[in-house]
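Examination of the molecular architecture
As a plain string of letters, each chain reads:
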There are 2 protein chains.
Amino acid sequence: MAEDNPPRTAKARRGRPRQAEVARLAGVSQTTVSLVLGGNKQGIALHAETRARVLAAARELGYVPDPAARRLAASRNNLLGVFSFTATFPTAVEHSYYPFLVGVEQEAAAQGFDLVLFTGSSPGGAQADVPGALERVRLADGCLLLGRHAPTAALRRLVEDGYPVVHIGRRDDLSDLAWVGADYVDAGVEVMRRLAALGHRRAVLVREDDDATASIDRERGFRTGLTAAGLAGPSGGGDPVVRAVDPVAEITPDWVRERREEGVTAFVAEETDTGAVWRALLAAVDGAGLSAPDDLSLALLGSPPADLADRPEPTGFDIPRAALGAAAVRVLTALLVGAKADEPLVACAFRAGATAGPPPAAL
Amino acid sequence: MAEDNPPRTAKARRGRPRQAEVARLAGVSQTTVSLVLGGNKQGIALHAETRARVLAAARELGYVPDPAARRLAASRNNLLGVFSFTATFPTAVEHSYYPFLVGVEQEAAAQGFDLVLFTGSSPGGAQADVPGALERVRLADGCLLLGRHAPTAALRRLVEDGYPVVHIGRRDDLSDLAWVGADYVDAGVEVMRRLAALGHRRAVLVREDDDATASIDRERGFRTGLTAAGLAGPSGGGDPVVRAVDPVAEITPDWVRERREEGVTAFVAEETDTGAVWRALLAAVDGAGLSAPDDLSLALLGSPPADLADRPEPTGFDIPRAALGAAAVRVLTALLVGAKADEPLVACAFRAGATAGPPPAAL
DNA sequence: TTGTACGCGTTATCAT
DNA sequence: ATGATAACGCGTACAA
């Protein structure tokens, strides 16, 4: 029988059993093995005993399906991809995508998917650089994208091909791109509500000069909350939102004093990768000889950088990174089965913190 | 020609061009396309013009190779597995395998591998529970194992099949199992050397009643270092090593006082998952109304639990988790090409800390 | 120098 | 209820 021949090619045989070998051991055809091991989705009738024999043989040989072959034949392999466009290689866990990964992992595990971390597409780190890097994700059944700098062109191609992709972080540049994001608007509104409840009447937001959707949304939350809570900006009539191109140079002790003279008692900053604006704001307040929450209140739309962990906990909100990761997986798996995606927005948890309090009585 | 037919199956065609289509556009055979696009490793002669036509056609169609098909044909998929046997699902990043993953990722990226996290094998979390869970790792070209409770039987099977596996953490129960581990012995010796240099003459080690290799190695380091540095245990002649079955019950303020009366000025504990012995030791010292480094010196063989981050930094050493991960990847890829593995031991960095100093003059 | 033919391991259709 | 058989897209001896 030709069946018994080992592969003719000299190519190194891996020790991995194939369905054909399971079939031989079980005394059935390879087709039957595929049927049994595939869970018999077609609902074809099978002898319970045949089924048992196949299962036993598979276990004995330690059979495990080849994901590549499976993907080739069935267009699915139970793998979810994670591709991250972090700017620099994360030496510190906090700066990486690991917090998201916690949720991704948990939800993927719950749904029986394994994860592929596409790190190898780019020896060196900056993944977006290598032209075809993103294409490699097609190995997985679907993929999660993380980071701001995803190459739009390559991404559009994936989406247009109908490849299931979910971006973590709101996106609107690609119309058909699924995404999940933190509800920055709502969270910002809540922060402003709390500040108003404490008695503040005028506030400013310091943000970076950046067009990231996260920044846009936080500004929108700030503005919406400002209005909704009946607050106002500086009495001089200036814009309550400051876009700092160079935070250190612009957010100075003098700047703080000037705003205070314009009746501002609450200073809000946005979280960014580097924490630059929050750092600048803290430094400026320190430099002005003021301190929160006694002389003024500070709030941070997001979490403080890790190296500022010893400072008082900022009032603000936490980005639910793990929850976002989990939500992304849910949207992705929904996409896989052609279902409609969930609500893409995940709520942020308000963090009382210690940098906000009633405005000083003098003002 | 049958070649021109679109696929007969009704299965949804992905919009991605195949080599055959590139071939048709370029007016050559699919083989030639494969040859040209594959970089022509075999050194087969090709018309420069043919080559150019193929390249042009490929670019025009936006051709990218299907990784699954490539893997199927070439029998490698550029995937490294990571399987972790963490006891409970890690909610806190510090308790998980993420610190190792940092190094794993970096090294894998450097070597052009992607990573597969086998989380889906175990809906719910405890992976070792699901019988065939470990088998799934065969999906990758090789796999990293993490955690103390790897099921020996399943593991033996992989190793015997010649499947490349590297365990993170020393192991000697399976003779052919490759591993990388922290050099606890050397690190422990160094800690004792420092304590001796500070003037201590008698020391004890508190460890858990556990047979993990890490615990064994740390004890060995302590004992070796004790002798090498000319130190001794309690003057009463008791064993300088205490195995605490129930740390809280055994490591009491009285116990500390008794050891001190026996001339012990340096108290060493080992790091464990829970940090139980270190916690107990700290509590006992506090309870005895003593404090380090004035009344006695404390050292920790490992890192303190994250929730004790506000306590003074313990003298001791840090387990180079990222370095271990990277080393594991190097050993694994060496295995893949049949090369000999590196040195499996990775040095720990001594951490001066703030809990050790000269012994009190009175003693 | 290029094309033919086949195998990689799986799924799926269609006979039996 | 089970077994042939044909794809899936690519790599590669071997033939032309």
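Before reading further, recall that the structure is shown in the block above.
What this report covers is the structure whose coordinates are included nearby. Everything numeric here is computed off the predicted structure, so don't read it as measured data. (Residues numbered from 1 in each chain as written. Chains lettered and ligands numbered in written order. Predicted model: local features only at pLDDT ≥ 70, side-chain atom pairs only at ≥ 80, totals over all residues. Heavy atoms only, no water.)

**A look at the side chain of Glu219 of chain A**
Inspection of the secondary structure puts Glu219 of chain A in helix H8 (residues 213-228). The residues contacting Glu219 of chain A, other than those within four sequence positions of it, are Leu205, Arg207, Val241 and Arg243 of chain A. (Helix = DSSP H or I, 4+ residues; strand = E, 2+ residues; numbered from the N terminus. Contact = heavy atoms within 4.5 Å.)

**Digging into the nonpolar core**
In this structure, Leu101 of chain A together with Leu101 and Met192 of chain B are the most contacted members of the largest nonpolar core, which totals 94 residues. Setting aside residues no more than four positions away along its own chain, Leu101 of chain A makes contact with Leu115 and Leu117 of chain A together with Tyr98, Leu101 and Leu117 of chain B. Residues Leu177 of chain A together with Phe83, Val116 and Leu139 of chain B belong to the second largest nonpolar core, which totals 42 residues. (Core = buried A, V, L, I, M, F, W, Y, C linked by side-chain atoms within 4.5 Å. Buried < 20%, exposed > 50% of the residue type's maximum accessible area, 1.4 Å probe, protein only.)

**Looking at the pattern of salt bridges**
All names here are of chain A. Applying the stated criterion across every chain yields a total of 49 salt bridges over all chains. A salt bridge links Asp161 to Arg138, with the nearest nitrogen and oxygen atoms 2.5 Å apart. Residue Asp161 is located in the loop between helix H6 (152-160) and strand S4 (165-168), and its partner Arg138 is located in the loop between strand S2 (114-117) and strand S3 (142-146); the two are separated by 23 residues in the primary sequence. The residues Asp161 and Arg138 share a single accessibility class, namely buried. A salt bridge links Arg259 to Glu262; the nearest nitrogen and oxygen atoms lie 2.8 Å apart. With relative accessibility at 13%, the residue Arg259 sits in the buried group. We classify Glu262 as partly exposed; its relative accessible area is 21%. What you see here is one network of salt bridges that share partners, running through Arg207, Glu219, Arg223 and Asp239. (Salt bridge = Lys/Arg side-chain N within 4 Å of Asp/Glu carboxyl O.)

**So, the sheet that holds strand S8 (residues 266-270) of chain A**
All names here are of chain A. Across the sheet, which stays open at both edges, the six strands sit in the order S7-S6-S8-S9-S10-S12 with mixed pairing between neighbours. Each of the sheet's edge strands pairs with one partner strand only, and the pair in question is strand S7 (241-244) and strand S12 (349-351). Pairs of neighbouring strands in the sheet enclose a mean axial angle of 20°, with direction left out of account. Examined bridge by bridge, strand S10 (residues 315-318) and S12 share three bridges and lie antiparallel to one another. Paired with Phe317 across the two strands is Phe350, which belongs to S12. (Pairing = 2+ DSSP bridges. Axes fitted to C-alpha atoms, helices over the stretch in contact; angles between N-to-C directions.)

**Let's talk about the packing of aromatic side chains**
The final tally for this structure, using the stated rule, is nine aromatic pairs over all chains. Three or more aromatic residues joined by ring pairs form one cluster here, namely Tyr97 and Tyr98 of chain A together with Tyr97 and Tyr98 of chain B. Over the ring of Phe350 of chain B we find Arg194 of chain B; its NZ or CZ atom is 3.9 Å from the centre of that ring. (Phe/Tyr/Trp six-rings, centres within 6.5 Å; stacked < 30°, edge-to-face > 60°. Lys NZ or Arg CZ within 6 Å of the ring centre and 35° of its normal.)

**Brief notes about the pairing of strand S5 (residues 178-182) of chain A**
Residue and element names in this part refer to chain A. Burial runs high along S5: five of the five residues are buried. Residues Ala178, Val180 and Ala182 of S5 are buried on one face, and the alternating residues Trp179 and Gly181, pointing to the opposite face, are buried as well. Of the strand pairs in this sheet, S4 and S5 are connected by three bridges, and their pairing is parallel. Paired with His167 across the two strands is Trp179, which belongs to S5. Inspection of the sheet shows S5 paired to strand S11 (residues 345-346) by two bridges, in the parallel sense.

**As for the packing of helix H5 (residues 98-110) of chain B against helix H12 (residues 321-336) of chain B**
Residue and element names in this part refer to chain B. Interhelical geometry of H5 versus H12 gives an angle of 40° and a closest axis separation of 6 Å. Considered as vectors, H5 and H12 are oriented oblique to each other. Where H5 crosses over H12, the two elements pack in a sense that is right-handed. Contacts between H5 and H12 pair Pro99, Phe100, Val102, Gly103, Val104, Glu107 and Ala108 from the former with Arg321, Ala322, Leu324, Gly325, Ala326, Val329 and Arg330 from the latter. When grouped by side-chain class, the residues that make up the contact of H5 with H12 number nine nonpolar, two polar and three charged. (Parallel < 35°, antiparallel > 145°, perpendicular 65-115°, else oblique. Left-handed = near helix turned anticlockwise from the far one by under 90°. Nonpolar A, V, L, I, M, F, W, Y, C, P; charged D, E, K, R; others polar.)

**Examining unusual backbone geometry**
Residues and elements named next belong to chain A. In this model, Ala292 is joined to Pro293 through a cis peptide bond whose omega is 5°. Residue position: Pro293 is located in the loop between helix H11 (276-287) and strand S9 (297-301). Phi angles above zero are rare outside glycine, and Asn78 is one such case at about 70°. Secondary-structure assignment places Asn78 in the loop between helix H4 (67-74) and strand S1 (79-84).

**As for the packing of helix H1 (residues 19-26) of chain A against helix H3 (residues 48-61) of chain A**
All names here are of chain A. One can describe the packing of H1 onto H3 by two numbers: an axis separation of 9 Å at closest approach and a directional angle of 125°. Relative to H3, the element H1 is oriented oblique. Considering the relative orientation of H1 and H3, their crossing is right-handed. Across the interface between the two elements, Glu21, Val22, Leu25 and Ala26 from H1 touch Arg53, Val54, Ala57, Ala58, Glu60 and Leu61 from H3.

**Side note on helix H7 (residues 184-198) of chain A**
Residue and element names in this part refer to chain A. The end-to-end C-alpha distance of H7, which contains 15 residues, comes to 21 Å, matching closely the 21 Å that a straight helix rising 1.5 Å per residue would cover. Those residues of H7 not exposed but buried are Tyr184, Val185, Ala187, Gly188, Val191, Met192, Leu195 and Ala196. Gly199 sits one or two positions beyond H7 and adopts a positive phi of about 115°. (Expected span 1.5 Å × (residues − 1).)

**Here we look at the sheet that holds strand S10 (residues 315-318) of chain B**
Residues and elements named next belong to chain B. Reading across the sheet, the six strands line up as S7-S6-S8-S9-S10-S12 and stay open at both edges, with mixed pairing between neighbours. Among the strands making up the open sheet, the edge pair consists of strand S7 (241-244) and strand S12 (349-351). The mean inter-strand angle of the sheet, taken between neighbouring strand axes irrespective of direction, is 20°. Relative to strand S9 (residues 297-301), strand S8 (residues 266-270) runs parallel, the two sharing five bridges. When the bridges of S9 are listed, Glu270 appears paired with Leu301. Sheet strands in contact with helix H8 (residues 213-228) are strand S6 (203-208), S7, S8, S9 and S10, and its direction is about 175° off that of S6.

As far as function goes, none of this settles anything; it's purely spatial.
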